[in-house]
Amino acid sequence: LRPAEWLNREAGPRYVQLRRRLEEAIESGLLAPNSSLPPEREIADLTELSRVTVRKAIHELVRKGAVVQVQGSGSFVREREEKVEQSLSHLTSFTEDMRRRGMETESQWLERGVFMPSPEEVVALGLPAGESVSRIYRLRTAGGRPMALERAALPLDILPNPLEVTTSLYAVLERGGVRPNRAIQKISAKNLAETEAELLDVPVGAAGLSIQRTSYLDSGRVAEFTQSIYRGDAYDFVAELRLSN
Ligand code: 16G
């Protein structure tokens, strides 16, 4: 926490910088779950920041659910929430997956409409030049906790009106008789950039899973190309493997 090494090296108010340092200490296990945070005064002395700044940083951690304050006994690092284990053997939707676990989902819309596709989307969807796509980009939460950023692109005839999607994309496709029945999914590692981390409520640089799903209709046609970033600390993907012969 010594100040010289990090203070003012990055942008943003001092309490945000201190909050990030404390988040890193929690993330790395330096501050273990259920351990108490040093008293405000001690942090202020150590970092040469004012107590007001320290209080603000701790308040932010409380708001983000990383720290709990107990009247009369101080602040404690909160026990981590359990990870979601998601099977890779079935083609399901986020809403279905979370509902099965008894969790309610919500979407914060970042983009929803008809747009010109990115070069990646053109290739993945096999679109003719100049054709637009329906795109929905959202932050997905389960049980109030941010889980994933998801950007889906679909051909216009598969999803003519993206505004129709208010909760589940797959439910809308199902109603239109175009629910995909096969998908290829690619998972890679990613350190979260600033905006992604901010939206997913994790420290900048935290580990994420970058996932691409291309899903197909019975006819073999591509119905959906979705690029997602899942929180690495919230998700485990599990696949069953069998000996082939
Ligand atoms: C999942 C899929 C995503 C699909 C979405 C539909 C992964 C990595 N991605 O999040 O490709 O678009 O489900 O969910 O599993 P919805 O029907 O709840 O909108």
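This structure is a prediction, so every number in the text was calculated from the model and none was measured. In every chain, residue numbers begin from 1 and rise along the written sequence. Per-residue local features of the predicted model are confined to residues with pLDDT of at least 70, and side-chain atom pairs are confined, for both listing and counting, to 80 or more; whole-chain, interface and lining totals are unaffected and use all residues. For side-chain calculations, the full set of non-hydrogen atoms in the structure is used, while hydrogens and water are omitted.

Participant: For this particular structure, what's the right way to read the site of the ligand?
Facilitator: Proximity is defined per residue: any heavy atom of the residue falling within 4 Å of a molecule or strand makes that residue near it. Close to the ligand lie 16 residues, the nearest being Thr 95, Arg 138, Ser 168, Leu 169 and Glu 224. Polar contact is the term for a pair of N or O atoms within 3.5 Å; when the atoms are in protein, one must be able to donate a hydrogen and the other to accept it, and sequence-neighboring residues count only if both atoms are side-chain atoms. In the environment of the ligand, an oxygen atom lies 2.7 Å from a nitrogen or oxygen atom belonging to the side chain of Arg 138. Glu 224 is positioned with one of its side-chain polar atoms (N or O) 2.6 Å from an oxygen atom of the ligand. Here, Shrake-Rupley sampling with a 1.4 Å probe gives the accessible areas, and only protein chains in the shown set may cover a residue. Across the complex, the protein chains shield 98% of the 460 Å² of accessible surface that the ligand would expose by itself.

Participant: I'm lost on the sheet that holds strand S9 (residues 222-231) in this one. Help?
Facilitator: In any sheet, the strands associate via hydrogen bonds between backbone groups, in a parallel or an antiparallel arrangement. One requirement defines pairing of two strands: DSSP has to find at least two bridges between them. Here a strand is any run of E in DSSP of at least two residues, a helix any run of H or I of at least four, and the numbering for each starts at the N terminus. Read from one edge to the other, the open sheet built from six strands follows the order S4-S5-S6-S9-S8-S7, with strand pairing classed as antiparallel. A single partner strand is all that each edge strand has here, and the edge strands are strand S4 (105-115) and strand S7 (182-191). Put simply, the sheet's adjacent strands are angled 15° from each other on average, direction ignored. Inspection of the sheet shows S4 paired to strand S5 (residues 133-142) by ten bridges, in the antiparallel sense. Within the sheet, the bridge partner assigned to Arg 112 lies in S5 and is Ile 136. Think of each axis as a best-fit line through the C-alpha atoms, taken over the contacting stretch in the case of a helix, with angles from 0 to 180 degrees between the N-to-C directions.

Participant: I'm lost on the side chain of Ser 75 in this one. Help?
Facilitator: Turning to its location among the elements, Ser 75 is positioned in strand S2 (residues 74-77). Working rule for contacts: check all heavy atoms of both residues, and any pair within 4.5 Å makes them a contact. Beyond its immediate chain neighbours, meaning those up to four positions away, Ser 75 contacts Ser 35, Ser 36, Leu 37, Ile 58, Val 67, Val 68 and Gln 69.

Participant: Explanation requested: the nonpolar core in the structure shown.
Facilitator: As a rule of thumb, nonpolar side chains are buried together in soluble globular proteins. Counting 15 residues, the largest nonpolar core has Leu 18, Leu 31, Leu 37 and Val 54 as the members making the most contacts within it. Of all elements in the fold, only helix H1 (14-27), helix H2 (40-47) and helix H3 (51-63) reach the threshold of two or more residues within this core. Sequence-distant contacts of Leu 31, that is, excluding residues within four places in its chain, are made with Leu 22, Ala 25, Ile 26, Leu 37, Pro 38 and Val 77. Here, nonpolar core refers to any group of buried Ala, Val, Leu, Ile, Met, Phe, Trp, Tyr and Cys residues whose side-chain atoms link them within 4.5 Å. Partly exposed describes any residue whose relative accessible area lies between the buried limit of under 20% and the exposed limit of over 50%, with all areas from a 1.4 Å probe on protein chains only and scaled to the type maximum. Membership of the second largest hydrophobic core comes to 13 residues, among which are Ile 136, Ala 152, Val 165 and Leu 173.

Participant: Explain the packing of aromatic side chains here, please?
Facilitator: Two aromatic rings are characterised by how far apart their centres lie and by the angle between their planes. Stacked, tilted and edge-to-face pairs are distinguished by plane angle, under 30 degrees for stacked and over 60 for edge-to-face with tilted covering the rest, among Phe, Tyr and Trp rings (Trp via its six-membered ring) whose centres lie within 6.5 Å. Taken as a whole and judged by the stated rule, the model has three aromatic pairs. With centroids separated by 4.6 Å and ring planes inclined at 75°, the aromatic side chains of Tyr 230 and Tyr 235 adopt a geometry described as edge-to-face. On the accessibility criterion, Tyr 230 (8% relative accessible area) is buried. Summarising the aromatic geometry, the rings of Tyr 230 and Phe 237 are spaced 5.7 Å apart at their centres and angled 80° between planes, so their arrangement reads as edge-to-face. Taking relative accessible area as the criterion, Phe 237 reaches 22% and is therefore assigned partly exposed.

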